[in-house]
Amino acid sequence: MDFRKKLIAGNWKMNGTGEMLDEVRELLDAHPKPKYDILICPPATLLAAMSSLTAERSILTGGQDCHHEQAGAHTGDISGQMLADAGASFVILGHSERRADHGETDDNVNVKARAAIAAGLKVVICVGETLAEREAANTLEIIAGQLAGSVPDLATGANLVVAYEPVWAIGTGKVATLEQIGEVHDFIRMQLEKRLGAGVGRSTRLLYGGSVKAGNAAEIFGVSNVDGALVGGASLKAADFSPIINALDAAS
Ligand code: PEP
């Protein structure tokens, strides 16, 4: 649907030092006037430098997590306000690696999302089932629970993006089938409409994530209710990420 601007997001995870900004320079040159939003979420150490490079240009920047308070005695943590101050306009929350490595719950994600939105950021909330949950035919139940718990009531199409990332497809080279992606994306849209109203539900962008690369991006972008992708490994090099961005042209 045209009113949802497509979004292609790169999650650099714990990868990247200063010299990797050259990849961003290459992307800026290759995509000076995209019809969609291009977002890169580097490690926090690169955020300010990347944001000054991309300011007023065609790439947006974001954080990979934030604290649920804006400031205070929380050694090692970063707040939404700090991300915004460093130039970020988005933050990824509830990525399955944070849920697994740091025991983040839906409640944690919800309170972080409220803090991030209060700081003026848009949130990319990640949901997704494990392989065991899919094999037990619990996928939709798990997704419904994660959405209900993680997405705050104040979410709107302007401040919320939901990324469907089956845990078994992240960094594994295994991609969900187009049928699996379509089923879950249609379900997420329906859940959001039911809970937040048709206006919010229909205007929220839904991304697929899980081993997206140049070779499979176009067909994934053709699935109903897929408004773009959250890309991990293939976002690290401009040569890999650029063809994924171009695949959106074909789908737009
Ligand atoms: C991710 O980490 O959000 C992700 C989708 O990773 P990858 O593309 O490497 O599977």
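You'll find the structure just up there.
1. Looking at helix 2 (residues 44-54)
Link 1 in the chain: Listed as buried for helix 2 are Leu-46, Leu-47, Met-50, Ser-51 and Thr-54. Buried positions in helix 2, seen along its axis, are confined to an arc of 135 degrees and lie on one side of it. Turned more than 90 degrees away from the buried face of helix 2, the exposed residues are Thr-45 and Ser-52.
Link 2 in the chain: Its buried side turned inward, helix 2 meets helix 1 (21-30), strand 2 (37-41), strand 3 (60-63) and helix 3 (80-85).
Link 3 in the chain: Backbone geometry just downstream of helix 2 places Glu-56 in the positive-phi region, at approximately 65 degrees.

2. Some thoughts on the pattern of salt bridges
Link 1 in the chain: Counting across every chain of the model gives 16 salt bridges.
Link 2 in the chain: Here Glu-104 makes a salt bridge to Lys-112, at a shortest N to O gap of 2.8 Å.
Link 3 in the chain: Given the relative accessible area of 10%, Lys-112 is considered buried.
Link 4 in the chain: Residues Arg-202 and Glu-193 are paired through a salt bridge, measuring 3.8 Å at the closest nitrogen-oxygen approach.
Link 5 in the chain: Residue Arg-202 is classed as partly exposed on the basis of its relative accessible area of 41%.
Link 6 in the chain: Glu-193 sits in the partly exposed class, given a relative accessible area of 25%.

3. Overview of the packing of aromatic side chains
Any two aromatic rings considered together are summarised by their centre-to-centre distance and by the angle between their planes.
Link 1 in the chain: A full pass over the atoms with the stated rule returns one aromatic pair.
Link 2 in the chain: The ring of Phe-90 has Lys-122 lying over it, and the distance from NZ or CZ to the ring centre is 5.8 Å.

4. Let's talk about the packing of helix 7 (residues 139-150) against helix 8 (residues 178-196)
Link 1 in the chain: Where helix 7 meets helix 8, the axes come as close as 10 Å, and the angle between the chain directions of the two elements is 40 degrees. Relative to helix 8, the element helix 7 lies oblique. As for the relative orientation of helix 7 and helix 8, their crossing is right-handed in sense. Of helix 8, the residues touching helix 7 (which contributes Thr-139, Leu-140, Ile-143, Ala-144, Leu-147 and Ala-148) are Glu-183, Val-184, Phe-187, Ile-188, Gln-191 and Arg-195.
Link 2 in the chain: Counted by class, the contact of helix 7 with helix 8 contains eight nonpolar, two polar and two charged residues.

Reading the values: rules and limits
- Residues numbered from 1 in each chain as written.
- Predicted model: local features only at pLDDT ≥ 70, side-chain atom pairs only at ≥ 80, totals over all residues.
- Heavy atoms only, no water.
- Buried < 20%, exposed > 50% of the residue type's maximum accessible area, 1.4 Å probe, protein only.
- Helix = DSSP H or I, 4+ residues; strand = E, 2+ residues; numbered from the N terminus.
- Arc of directions from axis to C-beta.
- Contact = heavy atoms within 4.5 Å.
- Salt bridge = Lys/Arg side-chain N within 4 Å of Asp/Glu carboxyl O.
- Phe/Tyr/Trp six-rings, centres within 6.5 Å; stacked < 30°, edge-to-face > 60°.
- Lys NZ or Arg CZ within 6 Å of the ring centre and 35° of its normal.
- Axes fitted to C-alpha atoms, helices over the stretch in contact; angles between N-to-C directions.
- Parallel < 35°, antiparallel > 145°, perpendicular 65-115°, else oblique.
- Left-handed = near helix turned anticlockwise from the far one by under 90°.
- Nonpolar A, V, L, I, M, F, W, Y, C, P; charged D, E, K, R; others polar.

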